[in-house]
Amino acid sequence: MKGTAKAIQRVMSSTLVAVTLGFSLWQPIADACTRTLWNTNKLAVVVGRSMDWAESTQPTLLVLPRGMQRDGGRVGPDVVVKENPARWTSKYGSVIVTAYDVAMVDGLNEKGLGANLLFLTATDFGPRDRSKLGVHAGLWGQYLLDNAATVKEALELMKTIQPIMVEHAGYKSSLHLSLQDATGDSAIIEYINGKPVIYHGREYRVMTNDPPLNQQLANLKKWDFTDATRETPLPGNVSPVNRFVRANYFLQTLREPRNEREAIATIFSIARNTSVPFNAPYKTPGTIYDTEYRTVMDLTNKRYFFELSTSPNVIWMDLKKFNLNPGAPVLVLNPDNIALSGDVIEKFQKVARVPF
């Protein structure tokens, strides 16, 4: 998901720089990451994504209970939305992945709503509309996971908020958002020319990066995969357009899974196919955006899977087994541990400082 990874760039020296270098750290020339939703099988709704970036985004896994108070106008002590910031108390618990300890980039809540944030150069949240609650881009997805149980509910909430671009030293949080829920419903939200463009429906199963989705879909129509075989030509490079075509191609070939293990392995296989190999050339000579990690969510059974590219093991957690009651501790796990494998629920520890 270079999109998100790109979104987050240099390490921050102060919290404001953290805001900027953390999720505004999404530099204009960076774009990668792929989200693939499998909602056509009869067993479970599963979604996979890759996260690509030029350096480690310092990912951590957080378990967030209900009843947490959040401020969408602040990053640490710094105010980034001065007028009409969104402030809320979370209705639902969630498991999320953070970036640079300042932004949520991927997550699943206890109702089976999942959110993925990816980079999109064309993003333009528009001038500040003070009639709407302002949520800085690093908490856009978290706001929806905290307050919505379904894609439809999340889209209703979108009518009341405005994501806010965070910028510093030329770096912007240029993001678009994908949502999916346990019914298989899906939505992709892009802000183009200052206005939200919403693609809502089960058919919106793939998201990468540039260009915007309408152009990606138009390009996809040029490909005919009827009666495909191993000789069927596919675009094989790592550009967002190439990855968008490949993900759609492999989705249409999937067989009905016999069990959850097979469903998770299947969507992981597409995430790996659309990943960026280490040191693969990217947009300009000398730039690289390797895939740092991949995630898979089982929205039906509320399980979350995580695979760090530098680890040989997949880890997972069952959200239903965590204490998500108000007042329960926030739990954290650093996945950069080669000894981690399988069910890691017992490996989580109480967090010393809640990042947001």
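These remarks concern the structure in this document. Quick caveat: nothing in here was measured; it's all calculated off a predicted structure. (Residues numbered from 1 in each chain as written. Predicted model: local features only at pLDDT ≥ 70, side-chain atom pairs only at ≥ 80, totals over all residues. Heavy atoms only, no water.)

1. A short note on the packing of helix α5 (residues 213-220) against helix α6 (residues 240-251)
Our working rule: Axis definition: a line fitted to C-alpha atoms, limited for helices to the stretch in contact. Angles are taken between N-to-C directions and run from 0 to 180 degrees. Strands are runs of DSSP state E lasting at least 2 residues, helices are runs of H or I lasting at least 4, and numbering of each runs from the N terminus. Reported orientations rely on four angle classes, namely roughly parallel under 35 degrees, roughly antiparallel over 145, roughly perpendicular from 65 to 115, and oblique for the rest. For a crossing to be left-handed, the near helix must be turned anticlockwise from the far one by less than a right angle; the clockwise case is right-handed. Contacts: residue pairs with any heavy atoms within 4.5 Å of one another. Classes in brief: Ala, Val, Leu, Ile, Met, Phe, Trp, Tyr, Cys and Pro nonpolar; Asp, Glu, Lys and Arg charged; the others, Gly included, polar.
Between α5 and α6, the least distance of the axes is 10 Å, while the angle of their chain directions is 60°. The orientation of α5 relative to α6 falls into the category oblique. Between α5 and α6 lies a crossing whose hand is right-handed. Seen from α5, the contacting residues are Leu-213, Gln-216, Leu-217, Asn-219 and Leu-220; seen from α6, they are Pro-240, Val-241, Phe-244, Val-245 and Asn-248. Its residues placed into classes, the contact of α5 with α6 shows seven nonpolar, three polar and no charged.

2. Observations concerning the environment of Phe-244
With respect to the helices, strands and loops of the structure, Phe-244 is situated in helix α6. Taking C-alpha positions, Phe-244 is 8.3 Å from Thr-274, a pair spaced 30 residues apart along the chain. Ignoring any residue separated from it by four or fewer positions in sequence, one finds Phe-244 in contact with Val-206, Met-207, Thr-208, Leu-213, Gln-216, Leu-217 and Leu-220.

3. Digging into the environment of Arg-353
We apply this condition: Here a polar contact is recorded for every N or O atom pair within 3.5 Å, except that within protein the pair must consist of a potential hydrogen donor and a potential acceptor, and residues adjacent in sequence are included only if both atoms are side-chain atoms.
Note that Arg-353 resides in the segment after β24 (349-350). It is 8.9 Å that separates the C-alpha atoms of Arg-353 and Val-330, two residues lying 23 residues apart in sequence. Engagement of the side chain of Arg-353 in a polar contact is seen with the side chain of Asp-101, the distance being 2.2 Å.

4. Some thoughts on the sheet that holds strand β15 (residues 175-180)
The line we're drawing: Two strands are said to pair when DSSP picks up at least two bridges between them.
One open sheet accounts for nine strands, arranged β17-β16-β15-β10-β9-β8-β3-β22-β24; its pairing is antiparallel. Unpaired on one side and paired on the other, β17 (195-200) and β24 mark the two borders of the sheet. Bridge count for strand β8 (residues 94-99) against strand β9 (residues 103-109) is six bridges, and the pairing is antiparallel. Across the sheet, residue Ala-99 finds its bridge partner in β9, namely Ala-103. The strands touched by helix α4 (residues 151-158) within the sheet are β15, β16 (186-192) and β17, with β16 carrying the most contacts at an inclination of about 20°.

5. Overview of the pattern of salt bridges
Our working rule: Criterion for a salt bridge: a side-chain nitrogen of Lys or Arg within 4 Å of a carboxyl oxygen of Asp or Glu. Three exposure classes are used, based on accessible area relative to the maximum for each residue type with a 1.4 Å probe and protein chains only: buried under 20%, partly exposed in between, and exposed over 50%.
Tallied over the full model, the rule gives 15 salt bridges. For Glu-83, the salt bridge is made with Arg-130, and the minimal N-O distance between the two is 2.6 Å. Highlighted residues: Glu-83 in the loop between β6 (78-79) and β7 (87-89) and Arg-130 in the loop between β10 (114-119) and β11 (133-136), separated in sequence by 47 residues. Of the residues examined, Glu-83 reaches a relative accessible area of 42% and is grouped as partly exposed. Where Arg-230 meets Glu-231, a salt bridge forms, and the shortest distance between an N and an O atom there is 3.6 Å. Taken as a pair, Arg-230 and Glu-231 share a single burial class, namely exposed. Three or more residues are tied together by salt bridges with common partners; here these are Glu-260, Arg-303, Asp-318 and Lys-320.

6. What about the sheet that holds strand β1 (residues 34-38)?
Taken in spatial order, the seven strands make up an open sheet running β18-β1-β2-β19-β20-β21-β23, and their pairing is mixed. The two strands at the open ends of the sheet, each matched to only one other strand, are β18 (206-207) and β23 (342-343). Across the sheet, α6 is in contact with β1 and β18; its angle to β1 comes to roughly 15°.

7. Focus: the pairing of β16
Most of β16 sits inside the fold, with six of its seven residues counted as buried. In terms of strand pairing, β15 meets β16 through four bridges, oriented antiparallel. When the sheet's bridge partners are listed, Gln-180 is paired in β16 with Ser-186. The antiparallel hairpin formed by β15 and β16 contains five residues in its connecting segment, where Gly-184 sits at a positive phi of about 95°. Taken together, the six bridges between β16 and β17 define a ladder with antiparallel strand orientation. Paired with Ile-192 across the bridge in β17 is Lys-195. What sits between the antiparallel neighbours β16 and β17 is a turn of two residues, in which Asn-193 has the positive phi angle 55°.

8. A short note on the packing of aromatic side chains
Rules: Under the pairing criterion, centres of Phe, Tyr and Trp rings, with the six-membered ring standing for Trp, must be within 6.5 Å; the plane angle then separates stacked pairs below 30 degrees from edge-to-face pairs above 60, leaving the rest tilted.
Tallied over the full model, the rule gives twelve aromatic pairs. Between Trp-88 and Tyr-143, the aromatic rings sit 4.8 Å apart at their centres with planes inclined by 85°, giving edge-to-face as the arrangement. Of this pair, Trp-88 sits in strand β7 while Tyr-143 sits in helix α3 (residues 140-147), and the two are 55 residues apart along the sequence. Relative accessible area serves as the criterion here: at 7%, Tyr-143 is assigned to the buried category. Pairwise contacts between aromatic rings join Trp-223, Phe-225, Tyr-249 and Phe-250 into one cluster.

9. What to know about unusual backbone geometry
In the segment running from Asp-210 into Pro-211, the intervening peptide bond is cis, with an omega of 0°. Phi at Tyr-100 takes a positive value of approximately 50°, unusual for a residue other than glycine. In this fold, Tyr-100 is placed in the loop between β8 and β9. One non-glycine residue with positive phi stands out, namely Asp-101, at about 65°. Locating Asp-101 in the fold gives a position in the loop between β8 and β9.

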